Amino acid sequence: MATVESYQSLCKYLIVASKIVGTEIWTAPRKMKPASFFMLFQVLTYFVANTYTVIKYRHDFKYVLKVLITLGSAVQLFVKIIVLLWRGHEFNNFGIRIERDLLRAFENVLSTGIGFVLYPFFVYITQGTLLPLFLYELPYLDWHSVDKYFFHFAFQLELYAVGMVGELMSDFLIVMNSIYALARADLCIVHLCELRVMLDAASKKPDAADIAAVRRKWEQCMHDHRIATSFLNNVEDLFGMICLAQVMMGVFTVCNCMLLVVLTDWYPVYVFLGATFLELSAFFVIGHLVEKKVDELYDAITSLSWYQLSLQQQKEYAFVVYRQQRPVGLTAFGFMPLNFESYMSVLKGLYQFFVLVLQYVE
């Protein structure tokens, strides 16, 4: 398990990233900074430019698909920024709880950018044609002229770089907080296993010392279960909307990429398809790990020799079992659980879509 010092050192890098994208959840939660307004302005400008370009080239279906390939990432970024700004104080409080209730208490126990950046240079070298970094156009600024082309390129490159920082920060934040929640559940499981050993080893007529030891261990287990459940609920509550945007826009982008793979020979789409698919899969893997840990916690609870507990402890045990019946885990804002079963359903739908596209093309 990480120490408090390593956690604080890790947060230093996250603080720098949060300042770049204007979501300072550690230093100024729920406060709009100049970087916040600048980032929102850039994303909104992207949406305006994207809409303008789609309307302008609406009769060219393949070109529209190329323009829309970045729409999913932009929507994800916009949702993540809004959530981090809106609930920054709650994210900060959760980080404080991780340090206080987990680490301090138990401290003794890139790829998409390459394809898109290289593609304009490749086209210019082989064909002598200027292409922007991305295909959306800023209104009233024709990138075919040299001076406006570099303005387009600089705007798109800066938005992409800052957007990548925001994407990586938010995704890493989900992974980090989920791992810490799993670690808190692991501590509860360890203490439940110790309690089970104590109950199984207890004699039919335990003495006062045995009863006192069981009571202390039981109280510790109840405290651990409450904290572990709270950690898992916080992860779901804080990241549910982000996970929903990630899944929906990830599926949209993958479908768009599959259409481009079938209809064109535009090679950057393969890089973007691979990166989007891996990111989408990572969210389901994290959700699956959380679900498995919740099942492991339930097994540890139900394996106790509850009949050897006192009457009051048996009542508390019944409440814990009842609480464990309620589903706890990472979901897409409650619409679907993020686990392997849901992942297989998504893959099945994507496969069926790809087959339909192939049949239509043929």
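Structure shown above.
All figures in this text were calculated on a predicted structure; none of them were measured in a lab. (Residues numbered from 1 in each chain as written. Predicted model: local features only at pLDDT ≥ 70, side-chain atom pairs only at ≥ 80, totals over all residues. Heavy atoms only, no water.)

(A) Highlighting the overall build of the protein. Each helix and strand in the protein was counted, giving 11 helices and zero strands. Taking all 362 residues of the protein together, the buried fraction comes to 49%. Accessible area for the protein stands at about 18600 Å²; split by element, carbon and sulfur atoms hold 66% of it. (Helix = DSSP H or I, 4+ residues; strand = E, 2+ residues; numbered from the N terminus. Buried < 20%, exposed > 50% of the residue type's maximum accessible area, 1.4 Å probe, protein only. Areas by Shrake-Rupley, 256 points an atom, 1.4 Å probe, with all protein chains shown as cover.)

(B) Just a negative patch on the surface, in detail. Taken together, the side chains of Glu291, Asp295, Asp299 and Glu341 present a region of like negative charge at the surface. By the secondary structure assignment, glutamate 291 is in helix H9 (residues 268–302). (Patch = residues over 30% accessible without salt bridge, like charges linked within 9 Å, V, L, I, M, F, W, Y side chains within 5 Å. Salt bridge = Lys/Arg side-chain N within 4 Å of Asp/Glu carboxyl O. Lys, Arg positive; Asp, Glu negative; His and termini not counted. Charge placed at Lys NZ, Arg CZ, Asp CG, Glu CD.)

(C) Layout of the layout of surface pockets. The space that makes up the second largest pocket amounts to roughly 270 Å³. For the lining of the second largest pocket, the element with the highest residue contribution is H9, accounting for six residues. By residue class, the composition of the lining of the second largest pocket is eight nonpolar, six polar and four charged. (1 Å grid on protein atoms, 1.4 Å probe; cavity = no way out; pocket = protein on both sides within 12 Å on 5 of 7 lines; lining within 4 Å. Points joined across faces, edges and corners; volume = space filled by probe spheres on them. Nonpolar A, V, L, I, M, F, W, Y, C, P; charged D, E, K, R; others polar.)

(D) Local environment of the packing of helix H8 (residues 208–263) against helix H10 (residues 311–325). Viewed as axis vectors pointing N to C, H8 and H10 meet at an angle of 20°, and their least axial separation amounts to 12 Å. By the angle between their directions, the pair H8 and H10 is classed as roughly parallel. For the pair H8 and H10, the crossing hand works out as left-handed. Two secondary-structure elements touch here, H8 through Arg215, Trp218, Met222, His225, Thr229 and Asn233 and H10 through Gln313, Glu316, Tyr317, Val320, Arg323 and Gln324. (Axes fitted to C-alpha atoms, helices over the stretch in contact; angles between N-to-C directions. Parallel < 35°, antiparallel > 145°, perpendicular 65-115°, else oblique. Left-handed = near helix turned anticlockwise from the far one by under 90°. Contact = heavy atoms within 4.5 Å.)

(E) Expanded view of the nonpolar core. Residues Phe91, Ile98, Leu102, Leu173 and Phe239 are the most contacted members of the largest nonpolar core, which totals 58 residues. Mapped onto this core, the elements with two or more residues apiece are helix H1 (4–21), helix H2 (34–56), helix H4 (71–86), helix H5 (88–103), helix H7 (146–201), H8, H9 and helix H11 (340–361). Ranked by size, the runner-up nonpolar core spans 24 residues in total, among them Val67, Ala74, Leu260 and Trp266. (Core = buried A, V, L, I, M, F, W, Y, C linked by side-chain atoms within 4.5 Å.)

(F) Up close: the packing of aromatic side chains. Per the stated rule, a full pass over the model turns up eight aromatic pairs. When the centroid spacing of 5.9 Å and the interplanar angle of 85° are considered together, the rings of phenylalanine 47 and phenylalanine 78 count as edge-to-face. Taken together, the residues span a long stretch of sequence, with phenylalanine 47 in helix H2 and phenylalanine 78 in helix H4 at a distance of 31 residues. Since its relative accessible area comes to 27%, phenylalanine 78 is described here as partly exposed. A ring pair is formed by tryptophan 306 and tyrosine 307, whose centres lie 6.1 Å apart and whose planes are at 75°; its orientation type is edge-to-face. These aromatic residues form a ring-pair network of at least three members: Tyr46, Phe47 and Phe78. Above the face of the tryptophan 86 ring, arginine 87 is positioned so that its terminal group lies 5.9 Å from the ring centre. (Phe/Tyr/Trp six-rings, centres within 6.5 Å; stacked < 30°, edge-to-face > 60°. Lys NZ or Arg CZ within 6 Å of the ring centre and 35° of its normal.)

(G) Broad picture of H2. Relative to the 33 Å expected for 23 residues at 1.5 Å per residue, H2 spans 33 Å between its end C-alpha atoms, a close match to the ideal helical length. Looking only at H2, the buried set comprises Ser36, Met39, Leu40, Gln42, Val43, Thr45, Tyr46, Ala49, Asn50 and Thr53. (Expected span 1.5 Å × (residues − 1).)

(H) Just unusual backbone geometry, in detail. Phi at arginine 30 is positive, roughly 60°, even though this residue is not glycine. By secondary structure assignment, the location of arginine 30 is in the loop between H1 and H2. In this model, phenylalanine 333 sits at a positive phi of 60°, which is unusual for a non-glycine residue. When you line up the elements, phenylalanine 333 lands in the loop between H10 and H11.

(I) Local environment of a nonpolar patch on the surface. A cluster of nonpolar side chains, contributed by Met241, Phe333 and Phe335, occupies part of the molecular surface with about 330 Å² of accessible area. Residue classification places phenylalanine 333 among the partly exposed residues on the basis of a relative accessible area of 44%.

(J) Structural context of the packing of H2 against helix H3 (residues 61–68). Contact geometry of H2 with H3 gives a least axis separation of 10 Å together with a crossing angle of 170°. Compared by their axis directions, H2 and H3 come out roughly antiparallel. Two secondary-structure elements touch here, H2 through Tyr46, Asn50, Thr53 and Val54 and H3 through Tyr63, Val64, Val67 and Leu68. Each residue belonging to the contact of H2 with H3 can be placed in one class, and the counts come to six nonpolar, two polar and no charged.

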